[in-house]
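# Residue-level structural notes
Single-letter residue listing:
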Amino acid sequence: MFAVLLIEVNVFFIQIATHKKDSSPIHLQIVTTHLQASYDFDSGKNIQKQVAAKHSQLKQLRQFLQTQHANHPGVPILIQGDLNVNGRSSPWDGTTHSQGYLSMIKSLDVSNSKWGETLVDLQYTNLNEHPITTSDVNPKPRKGDTLKVLMSNIDYQNKQGRYRETVLTNKKDWGNPKCLDYMLFISKQSTANTTPQTNPPSQITPKLSSAKVNPFFVKNKPYTQLSDHYGVSCTFDIPGDVI
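Residues numbered from 1 in each chain as written. Predicted model: local features only at pLDDT ≥ 70, side-chain atom pairs only at ≥ 80, totals over all residues. Heavy atoms only, no water.

Attention shifts here to the overall build of the protein chain. A tally of regular secondary structure across the protein chain gives four helices and 12 strands. Taken over 243 residues, the protein chain has a buried fraction of 42%. Here the analysis covers contacts within the protein chain between residues at least 6 apart in sequence; of these, 72% occur between residues at least 24 apart. Per element, the accessible surface of the protein chain, about 13300 Å² overall, is 53% carbon and sulfur. (Helix = DSSP H or I, 4+ residues; strand = E, 2+ residues; numbered from the N terminus. Buried < 20%, exposed > 50% of the residue type's maximum accessible area, 1.4 Å probe, protein only. Contact = heavy atoms within 4.5 Å. Areas by Shrake-Rupley, 256 points an atom, 1.4 Å probe, with all protein chains shown as cover.)

Structural data, given as C-alpha cells:
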C-alpha cells in the first residue's frame, strides 16, 4: 500500500431540500471527501510531503465550505468521509483529542457564532470517544499496554488472534488502532434565536444516539471486511419530503 499524493482536494457536494405544506423548504448541504493519507511508518521526507498535501487539501476544503456557507447562510452542513486525521491521542486513549484533530476541526469549523451555529462531531458526542475506524484489535487497547502487546497478534488471555482485519490493512499498521473517519455537523442550536431573518431556523436534526461505527465483516471470503475502514453513520430527522 502506498500513499498517493493528491494535492487538489476532491469533494462530492449536494444540497437537498425538503418540502412541507404551508412552509418554506428546509435545506441541508452534504460534503463528502477523502483526504490525503499519511503513514507513521513511512520515511521522514515522504511523511512531510503527505502532511503538506493534506494541509493544502484542508485549506482548499475550508475555502469551499466558506463559499457555500456565505452563499447559503443558515443552511446546515454535514461534512463526512475519511479525513485521514487520527482523532485518538494514543491507541488506548480515544477520549483525549489529538493535536492533529484539533487542528483539523479549526480548519473545518466555518460555523457563525452570531447565528448561533456550532460544529458537532456526531460520533464523538454520542460515544464519548473517538471510535476506532481502522486497524481495530480485540480486546481493545488499554493504558499501559506495552509495544509488544499492541503490535502482537496474540491475545494472551483468550489464545486467539487480536487483529480484526489483516488482508486490506497495511501490515505495518496492524495493532495501531485509529479514528480517521468522521461525520461533522454544522448547524444552528435550537436555543439560539439569531439566525438571519431570511433563513428560518433549520429543523434538520441528527439523532445523536444513532451516531455510530459500522463494521463490514463478511464470511467465506478471502478477506474479512469489505474495507480496511469501518463506516460511520447517523440518522437525521428531516421534516417534510426530500425534493
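From this point, things continue past the structure.
Attention now moves to the pattern of salt bridges. Opposite charge on two side chains permits pairing when their charged atoms draw close. Enumeration over the complete set of coordinates arrives at four salt bridges. A salt bridge links Asp 173 to Lys 178, with the shortest nitrogen-to-oxygen separation between them at 3.4 Å. Given a relative accessible area of 6%, Lys 178 falls into the buried group. The salt bridge involving Asp 237 is made with Lys 207; its shortest N-O contact spans 3.6 Å. Taken together, the residues span a long stretch of sequence, with Asp 237 in strand β11 (residues 231–237) and Lys 207 in strand β10 (residues 205–214) at a distance of 30 residues. (Salt bridge = Lys/Arg side-chain N within 4 Å of Asp/Glu carboxyl O.)

Let us now look at the confidence of the model for the protein chain. For the protein chain, per-residue confidence averages 82 on the pLDDT scale, and 79% of positions sit at 70 or higher. Low pLDDT, under 50, characterises residues 1–6; the predicted model gives this stretch 16 contacts beyond four residues in sequence or across chains. A low-confidence stretch, residues 191–202 stays under pLDDT 50, and its non-local contacts, those more than four residues away or across chains, total 15 contacts. (pLDDT = per-residue confidence, 0-100.)

The next thing to look at is the packing of aromatic side chains. This model, assessed by the stated rule, comprises five aromatic pairs. Note on Phe 185 and Phe 236: the rings are 5.3 Å apart at their centroids and 70° apart in plane angle, and the pair reads as edge-to-face. Note that Phe 185 is positioned in strand β9 (residues 181–188) and Phe 236 in strand β11, a separation of 51 residues in sequence. (Phe/Tyr/Trp six-rings, centres within 6.5 Å; stacked < 30°, edge-to-face > 60°.)

Here we come to the nonpolar core. For soluble globular proteins, nonpolar side chains are generally found buried alongside one another. In terms of nonpolar packing, the biggest core is built from 20 residues, with Leu 65, Met 104, Leu 108 and Leu 184 touching the most fellow members. Residue assignment for this core shows that the elements contributing at least two residues are α1 (44–71), β3 (77–82), α2 (99–108) and β9. Looking at which element gives the most residues to this core, the answer is α2, with four residues. When residues no more than four places from it in sequence are discounted, the contact partners of Leu 65 are Val 31, Ile 77, Ile 79, Leu 108 and Val 110. Residues Ile 16, Leu 122, Met 183 and Cys 234 belong to the second largest nonpolar core, which totals 12 residues. (Core = buried A, V, L, I, M, F, W, Y, C linked by side-chain atoms within 4.5 Å.)

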